Amino acid sequence: MSTNTSLKPVARVPLLSRLEPQQFVLYLGFAAIFLFFAVTLADDGFLTTRNLSNIVLQTAPATVMAIGLVFVLSAGEIDLSFGSIVAVSALAAAVVMQEHSLFLGVLAGLGAGLAIGWLNGMLVAYLGLPSFLVTLATMGLFAGLARSMTNLRSIPVVDDAFTGFFGSGSLFGIPSLILWTLGAVIVGHIIYRQTRFGAHVVATGDNARAAQVSGIKVPRLRLTVLMLSGLCAGLAGLLYAGRLQAAKYTLGESDLMTVIAAVIVGGTALNGGKGTVVGALVGSLLMGMLNNGLILMGLSVSDQMIVRGLIILVAVAISLRDTTR
């Protein structure tokens, strides 16, 4: 008996055609903005090792928050409260360390982030409230709590072990903030791309009803991603407190727009079902580089906000256009 073993040739898809529009925009935009600042600010120290290192160090907390937000947006939800969580977590850690050990202070900071994330998640997952409204409310609630915790006073963090581990220290010459950033990105990327949980997050964001029918426990997943966002914001609060050697109610106050911009520019879809942790890292570095360059150019805070807003508009337009094809 003869059999025909010939196979039809598999059509090869060119590499460039597999790349999504946002990937082109992100990496080409990053290169273009870097070159622009490198040329125009060559005499202002933009290309110095110290300045480039400062960009990475200053964006570390925002990058950690962006990783948590990637999971939330990919699941089809939103978290607006992470900036307030940063302040509460940093203050909780600082206050506890004044009377107790470093270990209990770290637990207090991370625990505060997890607790607020749990509250957000319970209201969204099991009461069916919209995450936008829930986290908008808790954003104001915990911003007020941060102000009242210390009567608007800054709490110094004098524990050298804490500030070294979460801020000014280094390991083999690599600053601890960079190590925290790399660690968070690696763990977040593996969970998002290589685990069943990550696949369930994407499936839920793509079609929550179909995910529920296929056996995914959607309410529990929504609770988990919001708790993860709270944990990342809590860690960011510790990084802020370690770098600045103090905790204040204003920590994280201006991070909402920056982090959302970093995640969207990085390629995470606003309406769920698609995200990238590595893209969030590049987006965060892009926003940090942009802020740094605009400051060196002498632009005012209002002008910087206008530029960030325009970038968000472009990123959202590309995201929505890509998902409606």
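Residues numbered from 1 in each chain as written. Predicted model: local features only at pLDDT ≥ 70, side-chain atom pairs only at ≥ 80, totals over all residues. Heavy atoms only, no water.

**A look at the pattern of salt bridges**
Next up, step 1: Applying the stated criterion across every chain, the model contains two salt bridges.
Next up, step 2: A salt bridge links E77 to R222; the nearest nitrogen and oxygen atoms lie 3.0 Å apart. Residue E77 is found in the loop between α3 (49-74) and α4 (82-99), and its partner R222 is found in helix α11 (residues 218-244); the two are separated by 145 residues along the sequence.
Next up, step 3: A residue is classified by how much of its surface remains accessible, and R222, at 22% relative accessible area, is partly exposed.
Next up, step 4: Between E253 and R147 there is a salt bridge, with the nearest N and O atoms lying 2.7 Å from each other. Linking E253 in the loop between β4 (246-247) and α12 (255-265) with R147 in helix α6 (residues 131-149), this pair joins segments that are 106 residues apart in sequence.
Next up, step 5: The exposure class of E253 is partly exposed, given its relative accessible area of 47%.
Next up, step 6: Residue classification places R147 among the partly exposed residues on the basis of a relative accessible area of 31%. (Salt bridge = Lys/Arg side-chain N within 4 Å of Asp/Glu carboxyl O. Helix = DSSP H or I, 4+ residues; strand = E, 2+ residues; numbered from the N terminus. Buried < 20%, exposed > 50% of the residue type's maximum accessible area, 1.4 Å probe, protein only.)

**A few points about the nonpolar core**
Next up, step 1: Ranked by size, the top nonpolar core spans 66 residues in total, and within it M65, L69, F162, V225 and V259 carry the most contacts.
Next up, step 2: When sequence neighbours within four positions are dropped, the list of residues in contact with M65 reads F82, V86, C232, A233, A236, Y240, D255 and V259.
Next up, step 3: Formed by 16 residues, the second largest nonpolar core is a distinct cluster that contains F46, A261, M287 and M289. (Core = buried A, V, L, I, M, F, W, Y, C linked by side-chain atoms within 4.5 Å. Contact = heavy atoms within 4.5 Å.)

**Some points on the packing of α3 against α12**
Next up, step 1: Where α3 meets α12, the axes come as close as 9 Å, and the angle between the chain directions of the two elements is 60°. Judged by the angle between their axes, α3 and α12 are oblique. Where α3 crosses over α12, the handedness of that crossing is right-handed. On α12, the residues that touch A62, M65, A66, L69, V70 and L73 of α3 are D255, V259, I260 and V263.
Next up, step 2: Looking at the contact of α3 with α12 residue by residue, the class counts come to nine nonpolar, no polar and one charged. (Axes fitted to C-alpha atoms, helices over the stretch in contact; angles between N-to-C directions. Parallel < 35°, antiparallel > 145°, perpendicular 65-115°, else oblique. Left-handed = near helix turned anticlockwise from the far one by under 90°. Nonpolar A, V, L, I, M, F, W, Y, C, P; charged D, E, K, R; others polar.)

**Focus on helix α5 (residues 102-125)**
Next up, step 1: Across its 24 residues, α5 extends 34 Å between first and last C-alpha, which sits within 8% of the 34 Å expected from 1.5 Å per residue.
Next up, step 2: Along α5, the positions that sit buried rather than exposed are G105, V106, G109, A112, G113, I116, G117, N120, G121, V124 and A125.
Next up, step 3: Check the buried side of α5 and you find it contacts α4, α6, α7 (160-168) and α11. (Expected span 1.5 Å × (residues − 1).)

**A look at the packing of α4 against α6**
Next up, step 1: The N-to-C vectors of α4 and α6 enclose an angle of 30°; their axes lie 8 Å apart at closest approach. Relative to α6, the element α4 lies roughly parallel. Where α4 crosses over α6, the handedness of that crossing is left-handed. Together, S84, A87, V88, L91 and A92 of α4 and M139, F142, A143, A146 and M149 of α6 make up the contact between the two elements.
Next up, step 2: When grouped by side-chain class, the residues that make up the contact of α4 with α6 number nine nonpolar, one polar and no charged.

**Quick look at the packing of aromatic side chains**
Next up, step 1: Under the counting rule described, the total for this entry stands at nine aromatic pairs.
Next up, step 2: Ring plane angle 55° and centroid distance 5.5 Å describe the contact between F36 and F37, whose orientation is recorded as tilted.
Next up, step 3: Between F37 and F46, the ring centres sit 5.6 Å apart and the planes meet at 50°, which makes this aromatic pair tilted. Across the pair, exposure class does not vary: F37 and F46 are buried alike.
Next up, step 4: Through a chain of ring-to-ring contacts, three or more aromatic side chains come together here, namely F34, F36, F37 and F46. (Phe/Tyr/Trp six-rings, centres within 6.5 Å; stacked < 30°, edge-to-face > 60°.)

**Notes on a nonpolar patch on the surface**
Next up, step 1: Together, L171, F172, I174 and L179 give the surface a local cluster of nonpolar side chains, amounting to about 420 Å² of exposed area.
Next up, step 2: By secondary structure assignment, the location of I174 is in strand β3 (residues 174-175).
Next up, step 3: Here I174 falls in the partly exposed class, since its relative accessible area comes to 37%. (Patch = residues over 30% accessible without salt bridge, like charges linked within 9 Å, V, L, I, M, F, W, Y side chains within 5 Å. Areas by Shrake-Rupley, 256 points an atom, 1.4 Å probe, with all protein chains shown as cover.)

**Side note on the side chain of N291**
Next up, step 1: Looking at the element boundaries, N291 is found in helix α13 (residues 277-296).
Next up, step 2: Residue class for N291 comes out buried when judged on its relative accessible area of 16%.
Next up, step 3: Those residues in contact with N291 that lie beyond four places of it in its chain are T258, Q304 and R308.

All quantities given are derived from atomic positions and should not be read as evidence of function.
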